[in-house]
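Survey of secondary and tertiary structure
Chain by chain, the residues:
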Amino acid sequence: MSLFSLFKELTSLLENYDNSIKTGFKFTQKEIKEIVSVSKKENLKYFEVLAKMPNLKYFDISFLLSQTNLNDDKIKIIEEASKLYNEEEFNANGQTRSDFIFRVGANLDYLNMENLEIFKELVKCKNELYDFKEVLTNPMEYLNFKQEKKVGYAFETIYMNN
């Protein structure tokens, strides 16, 4: 019996040691298998890059790999966008980092390095919109349109009072 119990204990120690080996990822083996199982095949090559981004959680990475079409440029945009997230600014509006990443994913086809700041300001607004396609594709037109409306309204108000 003692040989059997020794073998059993040795097997248990080996399993625990195997489970404690660092994989280089911040996720468990179970989470990694789950992420890989739901990911698009063409996005799997970006798993390691996303996993090494310190601000992305398991659920965020799973969403990005399964719901978007990634390429090298989009990975850079995700990395820069995740750096824009500021806990104090967004938590004041009740938005979490995952909310922000979901919006990045929903607008990834329209994001570029030039319009990331505009995107951040749009996301900070309290709204349920996730698709900012119109604003992100031509932000200057949107900004000019909004300014013209305000001036027109102010002029009408003054005109009506005189």
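Everything below is about the structure shown above.
Residues numbered from 1 in each chain as written. Predicted model: local features only at pLDDT ≥ 70, side-chain atom pairs only at ≥ 80, totals over all residues. Heavy atoms only, no water.

**Re helix α5 (residues 72-84)**
- For α5, which comprises 13 residues, the first-to-last C-alpha distance of 19 Å matches the rise-based estimate of 18 Å (1.5 Å per residue) to within 8%.
- Among the residues making up α5, those that are buried are K74, I75, I77, I78, A81, S82 and L84.
- In this structure, the buried residues of α5 make contact with α3 (47-51), α4 (58-67), α6 (87-91), α7 (97-106) and α8 (116-124).
- Taking the backbone nitrogen of D73 as reference, a side-chain oxygen 3.0 Å away marks N71 as the first, capping residue of α5. (Helix = DSSP H or I, 4+ residues; strand = E, 2+ residues; numbered from the N terminus. Expected span 1.5 Å × (residues − 1). Buried < 20%, exposed > 50% of the residue type's maximum accessible area, 1.4 Å probe, protein only. Contact = heavy atoms within 4.5 Å. Polar contact = N/O pair within 3.5 Å; in protein donor to acceptor, adjacent residues only side chain to side chain.)

**Comments concerning the nonpolar core**
- Core analysis: the biggest nonpolar cluster contains 29 residues, and L50, L56, I61, L70, I78, F100 and V104 have the highest contact counts within it.
- Looking at this core, the elements with two or more residues in it are α2 (29-38), α3, α4, α5, α7 and α8.
- If you tally residues by element for this core, the top one is α5, at five residues.
- Setting aside anything within four residues of it in sequence, one finds L50 in contact with L56, I61, L64, L65, L70, I75 and I78. (Core = buried A, V, L, I, M, F, W, Y, C linked by side-chain atoms within 4.5 Å.)

**Digging into the environment of V49**
- Structurally, V49 can be placed in helix α3.
- Taking the C-alpha atoms as reference points, V49 and K76, 27 residues apart in sequence, are found 10.0 Å from one another.

**Some words on the environment of K74**
- Along the polypeptide, K74 turns up in helix α5.
- By relative accessible area, K74 is classed as buried at 13%.
- Between the alpha carbons of K74 and N112 there is a distance of 8.2 Å; along the sequence they are 38 residues apart.
- Here K74 is in contact with N69, L108 and D109, once residues within four sequence places are set aside.
- At a separation of 2.9 Å, a polar atom in the side chain of K74 contacts the main-chain carbonyl oxygen of N69.

**Focus: the packing of aromatic side chains**
- Enumeration over the complete set of coordinates arrives at seven aromatic pairs.
- Residues Y85 and F90 carry aromatic rings whose centres are separated by 4.9 Å and whose planes lie at 15° to one another, so their mutual orientation is stacked. Side by side, Y85 and F90 carry an identical accessibility label, which is buried.
- The interplanar angle of 50° and the centroid separation of 5.6 Å between the aromatic rings of Y85 and F100 together place this pair among those described as tilted. Here Y85 is found in the loop between α5 and α6, whereas its partner F100 is found in helix α7, with 15 residues between them in sequence. By the burial criterion, Y85 is buried, and F100 matches it.
- Taken together, the ring pairs in this structure connect Y85, F90, F100 and F119 into an aromatic cluster. (Phe/Tyr/Trp six-rings, centres within 6.5 Å; stacked < 30°, edge-to-face > 60°.)

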